[in-house]
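Listed below are the residues making up each chain.
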Amino acid sequence: MDKRGDQSCEKVVESTRHEAVEQLKLVRYYYRQAEWLLERFPDGECRDVPGLVKLVGREEIQANNWSLTPGRYVGVAPEEQDEDFDFEEALREIHVELEGLNDEANDLAVKIRYNFEGLGL
């Protein structure tokens, strides 16, 4: 075989290997999903799972003013509002931190440029 034939065969083998790897990734993904489902529903039947699913009847939905918000039933509490939270102060703190990180990034960029110049690059 000539060199071009070898390269062509290598490309076919690499392409086939890549496709096999992608298929194995899919198999692994679906296997993990099946494990996840079996972990939560071991008998293969829908049941209450806190934070995920809850079976409710019309009476309970009516008692909740016909609300279909899942968090109301699965046990996820609504986020509490902190009346003392100062959004503007938090934003200022984040901005100060960002300025410090930007200054540090600039210093590092200067050091890197200096090191490259020292290497003759």
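Before reading further, recall that the structure is shown in the block above.
Bear in mind the structure is a predicted one, so any value in this text is a computation, not a measurement.

(A) Spotlight on unusual backbone geometry. Positioned with a positive phi, asparagine 65 is a non-glycine residue whose angle comes to about 60°. Note that asparagine 65 resides in the loop between helix 2 (58–63) and helix 3 (71–74). Of note, the phi angle at tryptophan 66 is positive, near 60°, even though the residue is not glycine.

(B) Focus on a nonpolar patch on the surface. Taken together, the side chains of Leu108, Ile112, Phe116, Leu119 and Leu121 define a hydrophobic patch exposed on the protein surface, amounting to about 560 Å² of accessible area. Tracing the backbone shows leucine 121 in the segment after helix 4 (87–119). Residue class for leucine 121 comes out exposed when judged on its relative accessible area of 71%.

(C) Quick peek at the environment of glutamate 104. Among the secondary structure elements, glutamate 104 is positioned in helix 4. We classify glutamate 104 as partly exposed; its relative accessible area is 46%. Residues glutamate 104 and asparagine 64 lie 40 residues apart in sequence; the distance between their C-alpha atoms is 53 Å.

The rules behind the values
Residues numbered from 1 in each chain as written. Predicted model: local features only at pLDDT ≥ 70, side-chain atom pairs only at ≥ 80, totals over all residues. Heavy atoms only, no water. Helix = DSSP H or I, 4+ residues; strand = E, 2+ residues; numbered from the N terminus. Patch = residues over 30% accessible without salt bridge, like charges linked within 9 Å, V, L, I, M, F, W, Y side chains within 5 Å. Areas by Shrake-Rupley, 256 points an atom, 1.4 Å probe, with all protein chains shown as cover. Salt bridge = Lys/Arg side-chain N within 4 Å of Asp/Glu carboxyl O. Buried < 20%, exposed > 50% of the residue type's maximum accessible area, 1.4 Å probe, protein only.

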